Amino acid sequence: MYVLRNMVEAVGPGGLVLDLQVLRPNPTAEVDERFVCEIDGEPLFHTADAATAAVDALIRAGRLIEHAIDDHDVRTHYADGAELVDDFTDKKRQLPAAAVPRLAALEQPCAVRERCRLRRLQVRSPVAGAD
Amino acid sequence: MTPVLDPEEAHLAALRRLGDFRGRRVLELGCGDGRLTLGIAREAASVLAFDPDWEAIERAQQSLPGELAERVVYRVASGKEIELEPRSFDLVVFSWSL
């Protein structure tokens, strides 16, 4: 919450906030846009939920007004399955253990697709007595 | 080969759908290696982009084109520690970073 308030102060009334976060459902691994397996996105969703809660609290406090939402898919591309598996070794999100051998054996390019949400918010003057 | 995040520029397209960066003083929190920063900076008046990952900031600095060098400032910092003048920006972008 402190970080958000700090940034809102840096923008000031009338300024815009564009907040980009990951969104449920879980990301998926795919080949040629065909589903291969689901990836557990919860570790990042927890962080996104906290960020969303902080923004929502400032909306309730009258400091931000939400103007628009844009949901879209984003893909990370890999040369092959081995590269994908390797990329997830140090990530918070985990590949399902049962799918790792199948993914690692993929010799063709593959991708991870995840849903994201961008919110546009406008900063308002502090409301007397709010907080 | 290394993984390539969002070569279709879906994030940048979404940012442009919802935000008008033209002539704005932009603050970008969690800029990483500057993947979105350059697209923003092509339209903005200025961009202060920061991230606590110094290696990512180093990559961002190295890939900053000369024509944008006067408009973009990268800093190694977290949202908790960076000091900013009140009302010194028109628009702030949070990239998965709140």
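Source: prediction; values computed, not measured.

Conventions and cut-offs
- Residues numbered from 1 in each chain as written.
- Chains lettered and ligands numbered in written order.
- Predicted model: local features only at pLDDT ≥ 70, side-chain atom pairs only at ≥ 80, totals over all residues.
- Helix = DSSP H or I, 4+ residues; strand = E, 2+ residues; numbered from the N terminus.
- Rg over C-alpha atoms; globule rule 2.2 N^0.38 Å.
- Buried ≥ 20, exposed ≤ 12 C-beta atoms within 10 Å, placed from the backbone.
- Pairing = 2+ DSSP bridges.
- Right-handed = clockwise from strand over helix to strand, strands pointing away.

Caption draft 1: Fine view of the overall build of chain B. Per the secondary structure count, chain B includes 3 helices and 5 strands. Along chain B, from the amino end to the carboxyl end, the secondary structure elements read β-α-β-α-β-α-β-β. Computed over C-alpha atoms, the radius of gyration of chain B comes to 13 Å, within 12% of the 13 Å expected from 2.2 N^0.38 for 98 residues, which places it in the range of a compact globule. When the backbone C-alpha atoms are referred to their principal axes, chain B occupies close to 45 × 30 × 30 Å. Counting all 98 residues of chain B, 37% fall into the buried class.

Caption draft 2: Region of the structure containing the pairing of strand β3 (residues 46-51) of chain B. Residue and element names in this part refer to chain B. The element β3 is largely enclosed, with a buried count of 5 among its 6 residues. Pairing between strand β2 (residues 25-29) and β3: 5 bridges, direction parallel. Bridging from a neighbouring strand, leucine 27 pairs with leucine 48 of β3. Direction of pairing for β3 relative to strand β4 (residues 72-76): parallel, over a ladder of 5 bridges. Bridge assignment links valine 47 to a residue of β4, and that residue is valine 72. Each parallel crossover has a hand, and the one from β3 via helix α3 (residues 54-62) to β4 is right-handed.

Caption draft 3: Region of interest: unusual backbone geometry. Residue and element names in this part refer to chain A. Looking along the chain, the bond that leaves arginine 24 and enters proline 25 is cis, with omega of 10°. For proline 25, the location among the structural elements is in strand β1 (residues 16-31). The backbone phi angle of glutamate 33 is positive, close to 65°, even though this residue is not glycine. Here glutamate 33 lies in the loop between β1 and β2 (34-38). For glutamate 33, a count of 8 C-beta atoms within 10 Å gives the class exposed.

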